[in-house]
Amino acid sequence: MYRICEKEVLAPNIIHMCFEAPRIAGAARPGQFLIVRVDERGERLPLSLAGWDPEKGTVDVVFYVLGTSTMKLASLKEGDCVLNLAGPLGEPTEISHFGDVICACGCFGIGPAIPLIKSLKDAGNRVVTVVEGRSRSFIFWEDRLRSLSDKLHVVLGDGSCSEPGWANEFISRYLSEGNRVDRIFVHGCPFMMMVVSEASRPFGVKTVVSLTPLMVDGTGMCGACRVEVGGETRFACVDGPDFDGHLVNWRMLTNRMKQLVGEEDLSQRLWERRNWHRLVQIQTNGGMGRCYR
C-alpha cells in the first residue's frame with residue numbers, strides 16, 4: 001500500500017498527487033513513469049513522473065481525469081492509499097548538451113516537463129519552453145516553468161493572451177523565423193504530440209515524444225503498449241516511453257487507443273452510478289469538468 005501524502009486540483013480535470021514511495025524516489029530519472037493500481041479490481045494505469053524527492057521518499061504524478069481508473073484515483077484523499085505503485089519504469093530521457101532546446105507541454109504533460117527542463121538546464125542547454133492551454137485556467141505551475149526555463153511562452157487556444165494558438169503553431173512560427181533549435185521534447189496528449197511533430201518535420205529538428213498508451217504488465221510481456229516506430233514494432237513500456245515523433249505511426253496509435261472505447265464508456269457509467277457520492281465530492285473540490293482541445 002502506498003499512501004497519498006498530497007493532493008491538489010491544478011486545473012479542471014487535472015490533479016497532482018504525491019505518494020510515499022522511497023525506493024522509487026531513490027531511482028527515478030526524467031522521462032520515466034509509474035504504473036498505479038488503485039485497488040484489487042483496478043486496471044494498471046501508466047502515469048509519467050512529475051517529480052520525486054529522495055530525501056522525503058516521495059514521487060509526484062499529474063493526471064487527467066477521463067475514465068474509470070483516473071476517476072477512482074481522483075476520488076481518493078490525502079492519507080488514503082493505493083494498492084500498487086510500480087516503478088520507475090521505462091528508459092530515462094536522453095539528457096545531453098544538445099544546445100538550443102524547445103520543451104513543449106500542455107495539460108498533464110506540464111508535470112513531466114518540469115524535471116526534464118531542470119535536467120536539460122543542468123546539462124548546459126538553453127531551454128525555451130512553450131506551454132499550451134485551452135484558456136488561462138488550464139495553465140498551472142507557470143512559476144516553476146518560468147524559473148527553470150531561459151524563456152517561457154504561454155500560448156492559449158482561446159486567444160486571450162499575447163501569443164494565441166497552440167504549441168504546434170508557435171513552433172512552426174519559431175522555426176520559420178530562423179531560430180536555431182537542436183532538439184524538441186514534447187509532453188502532452190497524443191494529439192498535441194502528433195501535431196507538434198508534424199510542425200517540426202519540415203525543418204528536420206529531431207522531436208522526442210513521450211508515449212504511455214494502454215499497458216498491462218509494464219515489462220514488455222503483454223504487448224498491449226506496442227507502437228510502430230520507423231516501420232518497426234516497439235513496446236512503449238520498455239523501449240520507450242520516448243520515441244522520435246517523426247517516426248511514430250500516429251494513425252495506428254490513435255486507432256489502437258480507440259479500440260476499447262465502448263467498454264471504457266460502459267465501465268465509467270457503471271462506476272459513476274455506484275459511486276455518485278464520490279463524484280459529488282470531486283466536483284465540489286473543483287477536480288472535474290470537461291477539458292477538450
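Per an unreviewed UniProt entry, the protein goes by Sulfide dehydrogenase (Flavoprotein) subunit SudB and derives from Methanothrix thermoacetophila.

## Describing a positive patch on the surface
Where like charges cluster on the molecular surface, the positive patch consists of Arg41, Arg269, Arg273 and Arg274. Relative to the assigned elements, Arg41 resides in the loop between β3 (33-37) and β4 (45-53).

## Comments concerning the domain arrangement of the protein
By a widespread convention, an interface's size corresponds to the accessible area lost as its parts come together. Once the domains are mapped, the protein shows domain 1 (2-89) and domain 2 (100-256). Computed over C-alpha atoms only, the centres of domain 1 and domain 2 are separated by 21 Å. With 22 residues of domain 1 in contact, the opposing surface of domain 2 contributes 23 residues. Of the roughly 1,700 Å² buried at the junction of domain 1 and domain 2 (both faces included), carbon and sulfur atoms supply 70%. On the domain 1 side of the contact with domain 2, Phe33, Arg44 and Pro46 bury the most area, a combined 24% of that side's loss. Our count for the contact surface shared by domain 1 and domain 2 stands at zero salt bridges. At the junction of domain 1 with domain 2, the criterion picks out two residue pairs in polar contact (both at pLDDT 80 or more). Among the secondary structure elements, those contributing two or more residues to the side of domain 1 that touches domain 2 are β1 (2-11), β2 (14-20), β3, β4 and β5 (58-64). For the side of domain 1 that touches domain 2, the element with the most residues is β4, which contributes six residues.

## Considerations on the UniProt feature "binding site: [2Fe-2S] cluster" (unreviewed entry) in the protein
Following the UniProt record, one finds the feature "binding site: [2Fe-2S] cluster" (unreviewed entry) at Cys222, Cys225 and Cys237. Taken together, the annotated residues stretch across 16 residues yet fold into one region, lying no more than 10.2 Å apart by C-alpha. Within the secondary structure layout, Cys222 lies in the loop between β12 (207-210) and β13 (226-229). Given a relative accessible area of 37%, Cys222 falls into the partly exposed group. Those residues in contact with Cys222, other than ones at most four positions away along the chain, are Val216 and Asp217. Relative to the helices and strands, Cys237 resides in the loop between β14 (232-235) and β15 (242-244). Those residues in contact with Cys237 that sit more than four places away from it in its chain are Phe33, Gly90, Met215, Gly218, Thr219, Gly220 and Cys225.

What counts, and at which threshold
Residues numbered from 1 in each chain as written. Predicted model: local features only at pLDDT ≥ 70, side-chain atom pairs only at ≥ 80, totals over all residues. Heavy atoms only, no water. Patch = residues over 30% accessible without salt bridge, like charges linked within 9 Å, V, L, I, M, F, W, Y side chains within 5 Å. Areas by Shrake-Rupley, 256 points an atom, 1.4 Å probe, with all protein chains shown as cover. Salt bridge = Lys/Arg side-chain N within 4 Å of Asp/Glu carboxyl O. Lys, Arg positive; Asp, Glu negative; His and termini not counted. Charge placed at Lys NZ, Arg CZ, Asp CG, Glu CD. Helix = DSSP H or I, 4+ residues; strand = E, 2+ residues; numbered from the N terminus. Domains from an automatic or database assignment. Contact = heavy atoms within 4.5 Å. Buried area = accessible area lost by both parts, 1.4 Å probe. Polar contact = N/O pair within 3.5 Å; in protein donor to acceptor, adjacent residues only side chain to side chain. UniProt positions renumbered as here; feature names shortened; annotations may be inferred. Buried < 20%, exposed > 50% of the residue type's maximum accessible area, 1.4 Å probe, protein only.

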